[in-house]
Each structure stands twice: as C-alpha cells, then as structure tokens.
Amino acid sequence: MRETPFRLLRAAVFAAVSASASLLLHLWSGGHAPGPLQFAAAVALLFAAAYGIGGRQRGFLALAPLCLAAQFGLHEFFEIGAVAAVGHAHGAGLSMWLVHIAAALAQASWLARGDAAFAKLLDALTLFFASVIRVLGAGALVVIRPRRFVLRTQTPRPVPAVRTQISHRGPPRFAVS
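Rules and cut-offs
- Numbering of residues starts from 1 in every chain and runs along the sequence as written.
- pLDDT decides what is reported in this predicted model: residues at 70 or higher carry local features, side-chain atom pairs at 80 or more are listed and counted, and totals for whole chains, interfaces and linings draw on all residues regardless.
- Note that water and hydrogens are dropped before the side-chain values are worked out from all heavy atoms of the structure.
- The secondary structure listing takes helices from DSSP runs of H or I that are at least 4 residues long and strands from runs of E that are at least 2 residues long, numbered from the N terminus.
- Note on exposure labels: buried denotes an accessible area under 20% of the residue type's maximum, exposed denotes more than 50%, and partly exposed covers the range between, all computed with a 1.4 Å probe on protein chains only.
- Note on contacts: a residue pair qualifies if any of its non-hydrogen atoms lie within 4.5 Å across the two residues.
- Note on areas: these come from Shrake-Rupley sampling with a 1.4 Å probe, and a residue is covered only by the protein chains present in the view.
- Exposure above 30% relative accessible area and the absence of a salt bridge qualify a residue for a patch, where like charges join within 9 Å and nonpolar side chains (Val, Leu, Ile, Met, Phe, Trp, Tyr) within 5 Å.
- Counted as salt bridges are all cases of a side-chain nitrogen of Lys or Arg within 4 Å of a carboxyl oxygen of Asp or Glu.
- Cavity means a closed set of points on a 1 Å grid over the protein atoms alone, one where a 1.4 Å probe fits but cannot get out, pocket means an open set with protein on both sides within 12 Å along at least 5 of 7 lines, and lining means a residue has an atom within 4 Å of a point.
- Grid points are joined across faces, edges and corners, and a volume is the space filled by probe spheres set on the points.
- Amino acids are sorted into nonpolar (Ala, Val, Leu, Ile, Met, Phe, Trp, Tyr, Cys and Pro), charged (Asp, Glu, Lys and Arg) and polar (every other residue, Gly among them).
- Multiplying 1.5 Å by the helix residue count minus one yields the expected span of that helix.
- Directions drawn from the helix axis to the C-beta atoms are what define this arc.
- With axes taken as lines fitted to C-alpha atoms, and helix axes fitted only over the stretch in contact, angles between N-to-C directions fall between 0 and 180 degrees.
- Orientation is classified from the angle alone, with under 35 degrees giving roughly parallel, over 145 giving roughly antiparallel, 65 to 115 giving roughly perpendicular, and any other angle giving oblique.
- Rotating anticlockwise by less than a right angle from the far helix to the near helix defines a left-handed crossing, while the corresponding clockwise rotation defines a right-handed one.

A few points about the overall build of the chain
- In terms of regular secondary structure, the chain is built from five helices and zero strands.
- Reading the secondary structure of the chain in the N-to-C direction produces α-α-α-α-α.
- When the 177 residues of the chain are sorted by exposure, 23% land in the buried category.
- Looking at the chain alone, contacts between residues at least 24 apart form 83% of all its contacts between residues at least 6 apart.
- Per element, the accessible surface of the chain, about 13000 Å² overall, is 68% carbon and sulfur.

Things to note about a nonpolar patch on the surface
- A cluster of nonpolar side chains, contributed by Phe60, Leu61, Leu68, Leu94, Leu98, Ile101 and Leu105, occupies part of the molecular surface with about 670 Å² of accessible area.
- When contributions to the nonpolar patch are tallied by element, the ones reaching two or more residues are α3 (60-79) and α4 (94-136).
- The element contributing the most residues to the nonpolar patch is α4, with four residues.
- Along the polypeptide, Ile101 turns up in helix α4.
- The class for Ile101 is partly exposed, based on a relative accessible area of 39%.

Regarding the layout of surface pockets
- Its volume calculated, the second largest pocket comes out at about 320 Å³.
- Forming the boundary of the second largest pocket are 17 residues, of which Arg10, Val13, Phe14, Leu111 and Asp115 lie nearest the centre.
- When residues of the lining of the second largest pocket are traced back to their parent elements, those giving at least two are α1 (4-28), α2 (36-53), α3 and α4.
- Among the residues forming the lining of the second largest pocket, the class breakdown is eleven nonpolar, two polar and four charged.

A short note on α2
- The end-to-end C-alpha distance of α2 is 26 Å, a good match for the 26 Å that 18 residues give at a rise of 1.5 Å each.
- Among the residues of α2, those classed as buried are Gln38, Ala42, Leu46 and Ala50. The buried residues of α2 occupy an angular sector of 105° when projected down its axis, which confines them to one face. In α2, the exposed positions that point more than 90 degrees away from the buried face belong to Pro36, Leu37 and Gly52.

Remarks on the packing of α3 against α4
- Two elements in contact, α3 and α4, have axes whose closest approach is 8 Å; the angle formed by their N-to-C orientations is 135°. Taken together, the axes of α3 and α4 lie oblique to each other. Note on packing geometry: the crossing formed by α3 with α4 is right-handed. Touching Phe60, Leu63, Ala64, Cys67, Leu68, Gln71, Phe72, His75 and Glu76 of α3 are Met96, Trp97, His100, Ile101, Ala104, Leu105, Gln107, Ala108, Ser109, Leu111 and Ala112, all from α4.
- For the contact of α3 with α4, the class distribution of residues is 14 nonpolar, five polar and one charged.

Right, here's the structure in full:
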C-alpha cells in the first residue's frame, strides 16, 4: 500500500471525494459555481496534499481532521472571486458550518472504510496469485510478507463469576420417617 501507484490512487480518490463533496455543498447552499480552472486547481491542491500524507493506510480518527480542513479550505477557495448574489449571506451561519462538519465526518468514514476494503482486496489478490503460482509449479519461489493487522476493537472485559448458593441437603428428616 506504500508503493507509488497505490499512493497515487489513494490521493486521487481523496481529492475527488473532497472536492466533489465541497462543490456540491457549496452549490446546494446557494454559492456560485467556480470556474473549471478554479475547480481543477482545487483538485490539484488536494491531490498534492493527499499524496504527501498518503504513505500509509489511515483510519477515521486520522482522516476526520484532514477532511474538516479540506472542507474549510475548499469553502474559502470557492469563495475567492465569487460575487455574492443580492441578499445572499453565503459563508455565514451555524447551519452552513454544521453541514460542512457533517459532510467531512461522513466523508472521513467513507474514505476510511474504502481504504480498509481496498487493502483487504489487495491482500486477497496477493494470496490468490501466490497460490496460483505455487499450484502451477512455475518453479519460482513466492515470498509473501504477511501484513500486521491492528485490531481496533477492545478486548472483552472478564465477567465476574456469579456466585450461587447450592444446598446439598436432602429432604427434611420428618418427611422421610
């Protein structure tokens, strides 16, 4: 996953998702559409930033602040040079920021899950092709470096044993006599 083609793919997906989500939110909230060159510049900036930090798989907690920064930066970038319509108060208000925050969190979740699924797919393909090469007996040794998986779940807490009082007595003596 650290190889250049995968970093390029990861950066391209991050840039496309971030720029598209920000543009759609910008237009949905009444902002003016940026020109094609301005949108291409935004995608290029995001791509360069994502390539720089895309050296490894990142989870939701690492992607959330990056997506928030991308949403804020793109919102401001799209406002550069845009002429606001009469009576349009774009860029102000709590609701606009809440929508950007919700979009950034959803985007971070989607990207983290997609990245994890892509890594699992690459692992499965690697194991499949290694087994095909072994079965065909191509004579080449196939070295598979197993990935270290980090469990993101907590270990279950031990449940304390439930103590019950069991009586080993029989029936009362007067009942038997």
